[in-house]
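Notes for the structure review
Okay, here's what each chain looks like letter by letter:
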Amino acid sequence: MLRRSLVWAILLLGVAFALGDGGYNINILDPATSNNREVSKLLWWVMGFAAVIFVVVIGAMTYIVLKFKKRGNEVGEPPQFHGNDRLEITWTLIPFLIVCVIFGLTARGMFEISQVPPDAMPVKVTAHLFWWDFEYPEQGIRTSNELILPVNRPVNFEITSNEAGPAKPVIHSFRVASLAGTQDAIPGIVTTRWFKPEKEGVYYGQCAELCGASHSNMRFRVIVVSQAEFDRFVQGAKAFQPPAPTDAAVAKGQQLFNAQCTACHAINNTQHQSKIGPDLTFFGNRLTLGAGIWNNTPERLEAWIKNSPGMKPGSLMPPFPQLSAEDARSIAAYLESLKVEGLDFSKLPKF
Ligand code: HEC
Ligand SMILES: [Cu+2]
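Residues numbered from 1 in each chain as written. Chains lettered and ligands numbered in written order. Predicted model: local features only at pLDDT ≥ 70, side-chain atom pairs only at ≥ 80, totals over all residues. Heavy atoms only, no water.

1. Observations regarding the coordination of the copper ion (ligand 2)
For a metal bound by four donors in a tetrahedral arrangement, the ideal donor-metal-donor angle is 109.5 degrees, while six donors in an octahedral arrangement ideally sit at 90 or 180 degrees. Taken together, His172 (ND1), Cys207 (SG), Cys211 (SG) and Met218 (SD) make up the full set of protein donors to the copper ion (ligand 2), lying 2.0 to 2.7 Å away. Here the copper ion (ligand 2) is ringed by four donor atoms whose angles at the metal span 84 to 129°, and the overall shape comes out irregular. For histidine 172, a relative accessible area of 0% corresponds to the buried category. (Donors = N, O, S within 2.8 Å, 3.2 Å for Na, K, Ca; no water. Tetrahedral: all angles 85-135°; square planar, octahedral: opposite > 155°, others 65-115°. Buried < 20%, exposed > 50% of the residue type's maximum accessible area, 1.4 Å probe, protein only.)

2. Digging into the nonpolar core
Val123, Tyr136, Phe157, Phe174, Phe233 and Leu335 are the most contacted members of the largest nonpolar core, which has 69 residues in total. Ranked by the residues each element gives to this core, the list is headed by strand 10 (residues 219–225), at five residues. Counting contributing residues per domain, this core is built from domain 1 (121–238) and domain 2 (248–337), each supplying no fewer than three. For valine 123, the residues in contact, after removing those within four places along its chain, are Phe134, Glu135, Tyr136, Pro137, Leu147, Leu149, Val155, Asn156, Phe157 and Glu158. (Core = buried A, V, L, I, M, F, W, Y, C linked by side-chain atoms within 4.5 Å. Helix = DSSP H or I, 4+ residues; strand = E, 2+ residues; numbered from the N terminus. Domains from an automatic or database assignment. Contact = heavy atoms within 4.5 Å.)

3. A short note on the pairing of strand 5 (residues 155–161)
Buried residues dominate strand 5, accounting for six of its seven residues. Relative to strand 5, strand 1 (residues 121–128) runs parallel, the two being bridged by seven bridges. Bridging across to strand 5, alanine 127 finds its partner in serine 161. (Pairing = 2+ DSSP bridges.)

4. Description of empty space enclosed by the protein
Unoccupied space between atoms shows up once a probe the size of one water molecule is rolled over them. Across all of its chains, the model carries two cavities of 30 Å³ or more by this definition. Estimates place the volume of the largest cavity at around 90 Å³. Forming the walls of the largest cavity are Arg142, Thr143, Ser144, Glu146, Ile148, Asp279, Thr281, Phe282, Asn285, Arg286 and Phe345. For the lining of the largest cavity, the elements supplying multiple residues, two or more each, are strand 3 (141–144) and strand 4 (146–150). At three residues, the largest contribution of residues to the lining of the largest cavity is made by strand 3. Residue-level mapping places the lining of the largest cavity at the junction of two domains, with at least three residues from each of domain 1 (121–238) and domain 2 (248–337). Of the voids in this model, the second largest cavity is the one considered here, and its volume is about 50 Å³. Around the second largest cavity, the lining residues are Glu38, Lys41, Leu42, Trp45, Leu105, Arg108 and Gly109. Broken down by secondary-structure element, the contributors of at least two residues to the lining of the second largest cavity are helix 2 (34–67) and helix 3 (85–114). (1 Å grid on protein atoms, 1.4 Å probe; cavity = no way out; pocket = protein on both sides within 12 Å on 5 of 7 lines; lining within 4 Å. Points joined across faces, edges and corners; volume = space filled by probe spheres on them.)

5. Focus: the sheet that holds strand 6 (residues 172–176)
Read across the sheet, five strands follow the order 4-10-9-6-7 without closing on themselves; strand pairing throughout is mixed. Single-partner strands in this sheet number two, and they are strand 4 and strand 7 (180–185). Taken pair by pair, the neighbouring strands of this sheet meet at an average axis angle of 20°, ignoring direction. (Axes fitted to C-alpha atoms, helices over the stretch in contact; angles between N-to-C directions.)

6. Let's talk about the packing of aromatic side chains
We describe a pair of aromatic rings using the distance from one ring centre to the other and the angle between the two ring planes. Applying the stated criterion to the full structure yields 15 aromatic pairs. Between tryptophan 132 and phenylalanine 220, the aromatic rings sit 4.8 Å apart at their centres with planes inclined by 50°, giving tilted as the arrangement. Here phenylalanine 220 lies in strand 10 and tryptophan 132 lies in strand 2 (residues 131–136), a separation of 88 residues in the sequence. Of the two residues examined, tryptophan 132 and phenylalanine 220, each falls in the buried class. Taken together, the ring pairs connect Trp132, Phe134, Phe157, Phe174, Phe195 and Phe220 into an aromatic cluster. (Phe/Tyr/Trp six-rings, centres within 6.5 Å; stacked < 30°, edge-to-face > 60°.)

7. Section: the UniProt feature "domain: Cytochrome oxidase subunit II copper A binding" (unreviewed entry) in the protein
The residues that UniProt annotates with the feature "domain: Cytochrome oxidase subunit II copper A binding" (unreviewed entry) are residues 118–236. In the segment residues 118–236, helix accounts for 8% and strand for 50%; the C-alpha atoms at its two ends are 27 Å apart. (UniProt positions renumbered as here; feature names shortened; annotations may be inferred.)

Written out as structure tokens, the structure is:
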């Protein structure tokens, strides 16, 4: 019985590992920024020392056990001795030197990481229950849950936590395994962190501070694209106009959206600019839904519109049971039609 449950547990764990990251390679040992390279270098140094110490200690133990084991006809206690200055000084000095080397490497890494390049592009990160807001002061645009960045340009993040609605803000933490370590988002305080992404791709981000019922569902993506693609995205976002619907269902969706949803959601260049909920400008280009937890499909979106807290525990978006299935479908169709043509992030590699 026990053995069988063990086998099942191991099997399930294996399956969870195989499926769990949804194709993402969430790994600090595969850094895509100079900062993370510093950190993983340090990790390798410490691992190297640990490996040497392991071999020396286990080797010495094995040697002593074999050399001093009881031989056939020996009786009584073996000869006792006390103290060995040379040995004691050696085993104090070596660890001391190792700690000095690790200290030096750490200090150097911390210094490198703390130097913000002067040409860094500022991005304001605001963590909310349970989603992420990104503002680009230089470009004058805003995105939510998907942060689009140009490759090879340093970015300086100003990170905080706030709620525009009635809920009280709590502490969250900004983390993208391959790009940056963990930086807390604290209400009333702005913390900073910078990095320079070096590889185009979609990176997996996750809140790293227990913040409530949907902490584990508080994810995001960092989408790193070429400078040309980024410029196209900024142009598209600034000039964005919700297309005038030609389809009757989409027109109905737009009307319902403007009546029911714009108290909390903004779309660029319309009079709807609330920041209580995520920005939905060109939602049709989005890869994900619900702060990075599902792929963005019309079916999921429809279900989300009807009952967001039912899909994501603690979601501060109210359910809309009064909307008929058809109404929800037309709102979903309207949101999916909000698109900048020619932008497609779905083909980028995942990290
Ligand atoms: C009271 C404020 C409020 C209203 C009204 C509201 N929402 Fe939301 N909405 C939110 C919040 C808050 C979230 C983020 C929830 C989360 O991910 O935890 C959200 C998330 C979303 C998302 C997911 C965005 C993303 O980046 O993944 C969509 C789509 C959405 N809302 C559509 C709608 C539609 C359509 C309506 C109208 C039928 C609506 N919302 C009404 C507050 C609101
Ligand atoms: Cu959080």
